[in-house]
Amino acid sequence: QVQLVESGGGLVQAGGSLRLACLASGRTFSTRAMGWFRQAPGKERVFVATISGSGDTTFYTDAVLGRFTISRDNAKSTVYLQMNSLKPEDTAVYFCAAKHNGGPPGTSGYSYWGQGTQVTVSS
């Protein structure tokens, strides 16, 4: 079983930056692909970014390409989402997710989810 706890959300002005963190429990963090998703008010949860267990493969949704960076520190069992040049449309609850051991990074197929952290971008 994997437990995920997100942190780092908050209120920021448009053009600003935030860094989200997701701390994972368990001893197999380095073998798990991780992802970030977001859910805006009244909308479905959607994929944002993913990273392989080793950190050498990443993929982003077009809406955040060039502005967001996903990274991980396997020694700390933590995955990060650095968000720059934030826009009001980035306002959402951001969720961290983990795959089963050995699963490839991707836009779906995640088995474990955090509770989410709110990001609000004011115009």
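Look up: the structure comes first, before these words.
Visitor: Requested: an account of the state of the cysteines, with residues and values cited.
Guide: Counted under the stated rule, the structure contains one disulfide. Across the disulfide, Cys-22 is cross-linked to Cys-96 (sulfur-sulfur distance 2.1 Å). Taking the torsion about the S-S bond as the criterion, the Cys-22 to Cys-96 disulfide, at about -80°, is left-handed. Of this pair, Cys-22 sits in strand E3 (residues 18-24) while Cys-96 sits in strand E9 (residues 92-98); the two residues are 74 residues apart in sequence, bridging distant segments of the chain. On the basis of relative accessibility, which here comes to 0%, the residue Cys-22 falls in the buried class. On the basis of relative accessibility, which here comes to 0%, the residue Cys-96 falls in the buried class.

Visitor: Now, about unusual backbone geometry: what can you tell me, with residues and values included?
Guide: Despite not being glycine, Ser-77 shows a phi value in the positive range, around 55°. With respect to the helices and strands, the residue Ser-77 is situated in the loop between strand E7 (68-73) and strand E8 (78-83). Here Ser-77 falls in the buried class, since its relative accessible area comes to 16%. Even without glycine at this site, Ser-85 takes up a positive phi of about 50°. On the secondary structure map, Ser-85 appears in the loop between E8 and E9. You can call Ser-85 partly exposed: its relative accessible area is 43%.

Visitor: Lay out the packing of aromatic side chains in plain terms, naming residues and giving numbers.
Guide: Tallied over the full model, the rule gives five aromatic pairs. Ring centres of Phe-37 and Tyr-110 lie 5.2 Å apart, and the angle between their planes is 80°; this geometry places the pair in the edge-to-face category. With Phe-37 in strand E4 (residues 34-39) and Tyr-110 in the loop between E9 and strand E10 (112-113), the pair connects residues that are 73 residues apart, well separated along the chain. With a centroid separation of 5.9 Å and an interplanar angle of 20°, the aromatic rings of Phe-47 and Phe-59 are classed as stacked. Of this pair, Phe-47 sits in strand E5 (residues 45-51) while Phe-59 sits in strand E6 (residues 58-60), and the two are twelve residues apart along the sequence. On the accessibility criterion, Phe-59 (46% relative accessible area) is partly exposed. Every member of this aromatic cluster is reached through a ring pair, and the members are Phe-37, Phe-47, Phe-59, Tyr-110 and Trp-113. Positioned above the aromatic ring of Phe-29, the side-chain terminus of Arg-72 is 4.3 Å from the ring centre.

Visitor: Let's hear about the nonpolar core: which residues, and what values?
Guide: Leu-4, Met-34, Trp-36, Val-79, Leu-81, Met-83 and Tyr-94 are the most contacted members of the largest nonpolar core, which totals 28 residues. Elements supplying a minimum of two residues to this core: E3, E4, E5, E7, E8, E9 and strand E11 (117-122).

Visitor: Could you give me a rundown of the environment of Thr-91, with the residues and numbers involved?
Guide: Assignment of secondary structure puts Thr-91 in the loop between E8 and E9. Looking at Thr-91, the relative accessible area reads 19%, which means it is buried. Remark: the alpha-carbon pair of Thr-91 and Ala-49, spanning 42 residues in sequence, is separated by 16 Å. Other than its neighbours up to four places away in sequence, Thr-91 contacts Ala-40, Pro-41, Gln-118, Val-119, Thr-120 and Val-121. In terms of polar contacts, Thr-91 uses its side chain to reach the backbone amide nitrogen of Val-121, at 2.9 Å.

Quick notes on the rules
Residues numbered from 1 in each chain as written. Predicted model: local features only at pLDDT ≥ 70, side-chain atom pairs only at ≥ 80, totals over all residues. Heavy atoms only, no water. Disulfide = S-S within 2.5 Å. Helix = DSSP H or I, 4+ residues; strand = E, 2+ residues; numbered from the N terminus. Buried < 20%, exposed > 50% of the residue type's maximum accessible area, 1.4 Å probe, protein only. Phe/Tyr/Trp six-rings, centres within 6.5 Å; stacked < 30°, edge-to-face > 60°. Lys NZ or Arg CZ within 6 Å of the ring centre and 35° of its normal. Core = buried A, V, L, I, M, F, W, Y, C linked by side-chain atoms within 4.5 Å. Contact = heavy atoms within 4.5 Å. Polar contact = N/O pair within 3.5 Å; in protein donor to acceptor, adjacent residues only side chain to side chain.

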